[in-house]
Amino acid sequence: MQIFNTLTRQKEDFVPQEPGVYRIYVCGPTVYNYIHIGNARPLIVFDTLRRYLEYRGNKVIYVSNITDIDDKLITRANEEGTTMKAVAERFEAEYKKDAAGLNCLPPTVQPRATEHIGQILGIVADLIASGHAYVARNGDVYFRVRSDPEYGKLSHLNLDDLESGNRALRSQMDDDLKEDPADFAVWKAAKPGEPAWDSPYGPGRPGWHIECSAMSRTHLGKTIDLHCGGQDLIFPHHENEIAQSECANGCTFARYWMHNGFINVDNQKMSKSLHNFFTVRDVAQAYGYEPIRYFMLTAGYRMPLNYTVELIESCKNSLERLYTCRENLDFVLGQGSFGAGEELKEKAAAARTKFCTAMDDDLNTPDALAALFDLVKEINTLSASASKEALEAAAAVFDELAGVLGFARITTLTPAEHDRMIGYVSQLCHAIAVSLMCANDNSALCEYTGDSFRDLTRIARINETMWSELFLWNRENLIAEIDQFDEALGQLRQALASGDRAGLEEMFRLSTRRRAAFDKKQPD
Ligand SMILES: [Zn+2]
């Protein structure tokens, strides 16, 4: 596989230090709010990379942190009259719900910054001892950027240009604490009322950049294979991580760097003032999580991606086509008789080859998606005449490819879908009642259960693990409900087939009772 390495600005063979084991660090969110769709891009892109590497038989140690100490957290805690910890815990939980909804695998390790203060202070001490950092008179500790001759190698920025051109850096000089405007804090002295930890330099808290250096070293070692994040992190965050890690460790920090492009909304930069700022949760409530994942894979990860409502809707439709194809395949496989055609087997293998070629080329997900849709076309054309083996081969390849892209057999229910699901239970009760009233006329009932069955097939395809923490309050209820619903429909069909009026009456009683019990379980 080749990836575009930000460090060298070219595509390179992606070869890990230890054969077959990839050590990857992805900068995680600062948990002070719901994540927005821009945050979802690295989450989805690098999860897809991980899935692909695992699919190709590698082991991936995937570390992605939680930044639970930051000015933004402190500000929000003050606004809400609560603690930083409370804010962090709340939005970490919300973040994990979104990540699960987007079908991102849980990281191998998901460390929190506040649980690595010891390791952070260890690096700070090493940097001071080796002359790469100094303690300012207020107790801040700054990294001495001029002490690192390689500073700027990731962002390809020249330090002198930076100093003369960067107003932000100049204004930081006003506080007169730094030797050089480019120097950055690895440790910040606590201001009154701020969360603080004891240190040799007085009470304080870590700078942002040092967290990732410490968590990466703790969980992946001094030299990792790949460090990823959004383009906006290249400078200063990743540049500073490299500087402090390499100066403290005396070896390469990350061998490869990958950065994803920005998300625009209706061709404009996302901003609160333009009212085009969407959280993942907002979009998921309206369209479900899957179309967001799909959307993120429709463009190469380094390209800018433009979000519009039309695009999300078209992604939802594309996913429907995928699912319908896969459901039809199951339907055909469920039949007793098959054709003799073997062509589908070859077409499936060709789609897999095309898919891997695309993914091997710097994670070319648009071409990988095209390969999956090639397969869909072949399945739709050939399944009626295909042999059982050919159908099974096509189903296996479909599941592999869709699984790598992370939308195989997932259905995360939106609240609207959940309500619709509950609606079926009501409809069922109603239909039975109508049917009973009309004595031998069961046609209305058959119609209802027919619809319900189609939806049940879909719901039964839900990958349970993907549901993990998503809409936790209704997950268990729903699974129980679906089980019961499935069973009830079976009984109902039997009762209908045998014209068993007593059985139907029993069904009606049970359905009504179950519906009442379910209503009671719903939270306020
Ligand atoms: Zn980071």
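As shown above, the structure is provided for reference.
These notes cover the structure that comes with them. Note that the structure is predicted; figures quoted are calculated from it, not measured. (Residues numbered from 1 in each chain as written. Predicted model: local features only at pLDDT ≥ 70, side-chain atom pairs only at ≥ 80, totals over all residues.)

## Considerations on the overall build of the protein chain
When its secondary structure is counted, the protein chain shows 18 helices and 13 strands. The buried share of the protein chain, reckoned over its 524 residues, is 42%. Contacts in the protein chain between residues at least 24 apart in sequence constitute 75% of all its contacts with a sequence separation of at least 6. (Helix = DSSP H or I, 4+ residues; strand = E, 2+ residues; numbered from the N terminus. Buried ≥ 20, exposed ≤ 12 C-beta atoms within 10 Å, placed from the backbone. Contact = placed C-beta atoms within 7 Å.)

## As for helix 8 (residues 234–249)
Residues separated by three or four positions in an α-helix point in the same direction, a consequence of the helix having 3.6 residues per turn. Counting buried positions along helix 8 gives 12 out of 16 residues, so the element sits mostly inside the fold. Of all the residues in helix 8, the buried ones are P236, H238, E239, N240, E241, I242, A243, Q244, S245, E246, C247 and A248. On its buried side, helix 8 packs onto helix 4 (117–129), strand 6 (141–143), strand 7 (184–189), helix 7 (208–220), strand 9 (224–230) and strand 10 (254–260). Just downstream of helix 8, G250 is the residue with a positive phi angle, here 70°.

## Things to note about the sheet that holds strand 6
With respect to topology, four strands assemble into an open sheet ordered 5-6-7-8, the strand pairing being antiparallel. Whereas interior strands pair on both sides, the edge strands pair on one side only; in this sheet they are strand 5 (133–135) and strand 8 (204–206). The mean inter-strand angle of the sheet, taken between neighbouring strand axes irrespective of direction, is 20°. Sheet topology note: the strand 7/strand 8 ladder contains three bridges and is antiparallel. Pairing of W187 across the sheet is with P206, part of strand 8. Of the strands in this sheet, strand 5, strand 6, strand 7 and strand 8 touch helix 4, which is tilted by about 100° from strand 5. (Pairing = 2+ DSSP bridges. Axes fitted to C-alpha atoms, helices over the stretch in contact; angles between N-to-C directions.)

## Describing the environment of V186
For V186, the location among the structural elements is in strand 7. Residue V186 is classed as buried on the basis of its C-beta count, with 29 C-beta atoms lying within 10 Å. Not counting the four nearest positions on each side in its chain, V186 is found in contact with V124, L127, A133, V141, Y142, F143, G207, I210 and Q244.

## Points about the sheet that holds strand 9
If you walk across this open sheet you meet the four strands as 4-3-9-10, and the pairing is parallel. Every other strand in the sheet has two partners, leaving strand 4 (59–64) and strand 10 as the edge strands with one partner each. Adjacent strand axes in the sheet meet at a mean angle of 20° when their direction is disregarded. In this fold helix 1 (residues 37–55) packs onto strand 3 (21–26), strand 4, strand 9 and strand 10, with an angle of close to 150° to the strand it touches most, strand 9. In the packing of helix 7 onto the sheet, the strands contacted are strand 3, strand 4 and strand 9, and the crossing angle to strand 4 comes to about 150°.

## Observations concerning the pairing of strand 3
Two faces, one strand: in a regular strand the side chains alternate between the faces of the sheet. Within strand 3, five of the six residues are buried, leaving the element largely enclosed by the surrounding structure. As defined by bridge partners, strand 3 adjoins strand 4 across six bridges and the pair is classed as parallel. The partner of I24 across the bridge, within strand 4, is Y62. Judged from the three bridges that link them, strand 3 and strand 9 form a sheet pairing that is parallel. Note on strand 9: the bridge partner recorded for I24 is L226.

## Let's talk about the nonpolar core
The nonpolar side chains of a soluble globular protein tend to be buried with one another. Counting 118 residues, the largest nonpolar core has V124, V186, I292, L372, L375, A394 and L401 as its most contacted members. The element that contributes the greatest number of residues to this core is helix 14 (residues 388–405), accounting for 10 residues. Looking at this core, you find at least three residues from each of domain 1 (16–282) and domain 2 (308–410). (Core = buried A, V, L, I, M, F, W, Y, C linked by C-beta atoms within 7 Å. Domains from an automatic or database assignment.)

## Here's the deal with helix 9 (residues 280–287)
When we look at burial in helix 9, the residues that qualify are V280, V283 and A284. Along helix 9, the residues classed as buried sweep out an arc of 100° about the axis, all on the same side. Those residues of helix 9 that are buried are in contact with helix 1, helix 3 (84–101), helix 10 (290–296) and helix 11 (309–334). Among the residues trailing helix 9, G288 stands out with phi positive, at a value near 90°. (Arc of directions from axis to C-beta.)

## Structural notes on the pairing of strand 10
Where burial is concerned, most of strand 10 is hidden: six out of the seven residues are buried. Alignment of strand 9 against strand 10, held across six bridges, turns out to be parallel. Bridging from a neighbouring strand, H227 pairs with W257 of strand 10. In this region the chain leaves strand 9, passes through helix 8 and returns to the parallel neighbour strand 10; the handedness of that crossover is right-handed. (Right-handed = clockwise from strand over helix to strand, strands pointing away.)

## Notes on the packing of helix 2 (residues 71–80) against helix 3
Remark: helix 2 packs on helix 3, axes separated minimally by 8 Å, with the N-to-C direction vectors making an angle of 105°. As judged from the angle between their axes, helix 2 and helix 3 are roughly perpendicular. The segment helix 2 lies against helix 3, with L73, I74, R76, A77 and E80 engaging M84, A86, V87 and A88. Here the contact of helix 2 with helix 3 is composed, by residue class, of seven nonpolar, no polar and two charged. (Parallel < 35°, antiparallel > 145°, perpendicular 65-115°, else oblique. Nonpolar A, V, L, I, M, F, W, Y, C, P; charged D, E, K, R; others polar.)

## Points about unusual backbone geometry
Backbone phi values are negative for most residues with the exception of glycine, while trans is the configuration of most peptide bonds. Residue P236 is bonded to the preceding F235 through a cis peptide linkage, with omega at 5°. Relative to the helices and strands, P236 is located in helix 8. A positive phi is found at N103, a non-glycine position, where the angle reads about 65°. Along the chain, N103 falls in the loop between helix 3 and helix 4.

## Overview of the environment of K96
Looking at the element boundaries, K96 is found in helix 3. Residue K96 is classed as partly exposed on the basis of its C-beta count, with 18 C-beta atoms lying within 10 Å. Separated by 10 residues in sequence, K96 and P106 place their C-alpha atoms 8.5 Å apart.

## Focus on the environment of N65
Its place among the elements puts N65 in the loop between strand 4 and helix 2. Accessibility expressed as a C-beta count within 10 Å gives 24 for N65, which makes it buried. In the structure, N65 is positioned 38 residues away from C27 in sequence and 6.1 Å away in space, judged by C-alpha atoms. The residues touching N65, leaving out its near neighbours within four places in the chain, are C27, G28, Q110, P111, A113, E211, C212 and M215.

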